Amino acid sequence: MNLPAFPVPDLTRPENLRAHIADTMAFYHPRAIDPAGGFFQYLRDDGSIYDRSHRHLVSSTRFVYDYAMAAIEFADSPLAADYRAAAAHGVDYLRNVHRDAASGGYAWTLRDGVPEDRTNHSYGLAFVLLAYASARKAGLDTAAWMDETWEVLEAHAWDPEHGLYRDEADTHWHYGDYRGQNANMHLCEALIAAHEAGGDGRYLARALQLAEHMTQRQAARAGGLVWEHYRQDWSVDWDYHRDDPQHLFRPWGFQPGHQIEWAKLLLALRTHLGSQAPAWLLPTARRLYDAGLAHGWDDIHGGIVYGFAPQALRERSPGPDEAAPDVATAPMYVCDGDKYFWVQAEAIAAAWRLYRATGLDRYRDDYLRLWDYAWRHFVDHRYGAWYRILDRENHRHDDLKSPAGKTDYHTMGACHDVLAVIRGS
């Protein structure tokens, strides 16, 4: 793939990170704002909108995060008031269109403002909490709605026996048997943000509990890394979506992006906990990140692939009396070679946090290598923002830059995260 040369700026410098956030926001603002309510969520590479009527809870909430964080970062800019108003516009849509006042849940998808799928996903509630927390950081009065979301999660999703959140419920809060790590990982993220927004210790304590149970207890059950899918009793379900390794929210296999994202969250917890931080946080972050890069980095074409799995699982899963493969020594194979924007972005943030936590140059080298790859292949230097997904050889599959679920929350979020570390906040 022959690409024009776009020199990579020094992205260890705050002004260059800020400039990249501003360039990315310029792709979305103001074209993504629907004056009738919420945000347009289906944008092509050139910014044109190809579906004006559909809404997904994940995008509705992530747009609030994007605008709230931009309002904070560019508080000295003439755009700050517009960004804050857009965040408030998005919160209003969450409250008055997505939210079901009777049940306390949030519609997963909408068509023309009418609920299409009312399934209650803990993954979705994680982003609801993140949206309210981000809006509060930007000066909006959302504290009561943060508390409300906590109470909804406590009343329905929290599983005290296992110390993790259940995954998916119908409109009457009846949960199925599936349990997943992804909802708990993003709830950990949202709880950290809620703590940052209000300083409430319960949020940070719960975030640490989720992190310990997923990256210690559950990882031990899967041979040392975080597997995606579990049964009702939180035993590992090795076969869930085996035939669908490219599923958008629940792919089969180990996801290097999620090992890396957990590493970032563990390091954020370590920063917030200070002298009270458990000793296991840093070595676990290093183990997960190192494994994600070791098995996920494409030495030929660059970038981190979407999924890998032990060779031992290629044809069959462990029986009930068999031990899981030891992922520290087991040979791996790539089960999904596509490159996703969010995986590279999370690795950028985690690499910088590891560099600052350890002082080891190899993590700084990773940070620069990841930016170099992303700048050459993922960043759209013509229209702005990042492409969503590339194949193994870094070719785009389509021209859909921001369908439901994207919004560049991961990419701008990585820049915000690195800036926070640089500033010591």
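Summary of the structure given here. Quick caveat, the model's predicted, so the values are computed rather than measured.

Reading the values: the criteria
- Residues numbered from 1 in each chain as written.
- Predicted model: local features only at pLDDT ≥ 70, side-chain atom pairs only at ≥ 80, totals over all residues.
- Heavy atoms only, no water.
- Buried < 20%, exposed > 50% of the residue type's maximum accessible area, 1.4 Å probe, protein only.
- Helix = DSSP H or I, 4+ residues; strand = E, 2+ residues; numbered from the N terminus.
- Pairing = 2+ DSSP bridges.
- Axes fitted to C-alpha atoms, helices over the stretch in contact; angles between N-to-C directions.
- 1 Å grid on protein atoms, 1.4 Å probe; cavity = no way out; pocket = protein on both sides within 12 Å on 5 of 7 lines; lining within 4 Å.
- Points joined across faces, edges and corners; volume = space filled by probe spheres on them.
- Nonpolar A, V, L, I, M, F, W, Y, C, P; charged D, E, K, R; others polar.
- Phe/Tyr/Trp six-rings, centres within 6.5 Å; stacked < 30°, edge-to-face > 60°.
- Lys NZ or Arg CZ within 6 Å of the ring centre and 35° of its normal.

1. Concerning the pairing of strand β12 (residues 332–340)
- Burial analysis of β12 places 8 of its 9 residues in the buried class, which makes it a mostly covered element.
- Of the pairings in the sheet, the one linking strand β11 (residues 305–310) to β12 comprises 5 bridges and is antiparallel in character. What sits directly across from V305, in β12, is K339.
- Taken together, the 2 bridges between β12 and strand β13 (residues 389–390) define a ladder with antiparallel strand orientation.

2. Concerning the pairing of strand β4 (residues 114–117)
- For strand β3 (residues 109–111) and β4, the ladder comprises 3 bridges, and the chain directions are antiparallel. By the bridge assignment, R111 is partnered in β4 with V114.
- Connecting β3 to the next strand, β4, in antiparallel fashion are 2 residues, including D112 with a positive phi near 55°.

3. Regarding the sheet that holds β3
- An order of β2-β3-β4 is seen for the 3 strands of this open sheet, with the pairing classed as antiparallel. Across the chains shown, the open sheet's two edge strands, defined by having one partner strand only, are β2 (54–56) and β4. Recorded for the sheet is a direction-independent mean angle of 30° between the axes of neighbouring strands.

4. Details of the layout of surface pockets
- Quantified by volume, the largest pocket comes out at close to 610 Å³.
- Per-element tally for the lining of the largest pocket: the top contributor is helix α12 (residues 409–423), with 9 residues.
- Here the residues of the lining of the largest pocket sort into 12 nonpolar, 7 polar and 9 charged.
- Taken as a whole, the second largest pocket holds about 310 Å³ of empty space.
- Surrounding the second largest pocket, 20 residues form its lining, R62, L248, F249, W342 and G405 being those nearest its centre.
- Looking at side-chain class alone, the lining of the second largest pocket contains 10 nonpolar, 6 polar and 4 charged residues.

5. Re the packing of aromatic side chains
- Going through the model one piece at a time under the given rule, you end up with 29 aromatic pairs.
- Measuring from ring centre to ring centre gives 5.8 Å for Y132 and W145, while their planes differ by 50°; the resulting arrangement is tilted. Of this pair, Y132 sits in helix α4 (residues 122–137) while W145 sits in helix α5 (residues 143–157), and the two are 13 residues apart along the sequence.
- By relative accessible area, Y132 is classed as buried at 0%.
- Using a relative accessible area of 29% as the deciding quantity, one classes W145 as partly exposed.
- With a centroid separation of 4.9 Å and 65° between ring planes, the pair formed by W158 and Y165 is classed as edge-to-face. Pair check on accessibility: W158 and Y165 agree, each one buried.
- Through pairs of rings, three or more aromatic residues link up here, namely F27, Y28, F39, F63, Y67 and Y83.
- Over the ring of F27 we find R31, and its NZ or CZ is 5.3 Å from the ring centre.

6. A closer look at empty space enclosed by the protein
- Within the structure shown, the criterion is met by 2 cavities of 30 Å³ or more.
- Taken as a whole, the largest cavity spans an internal volume of roughly 40 Å³.
- Considered class by class, the residues forming the lining of the largest cavity number 2 nonpolar, 4 polar and 2 charged.
- Considering only enclosed or pocket space, the second largest cavity measures out at about 30 Å³ in volume.
- Lining the second largest cavity we find D45, Y387, R388, I389, R396, D398, L400 and K401.
- Among the residues forming the lining of the second largest cavity, the class breakdown is 3 nonpolar, no polar and 5 charged.

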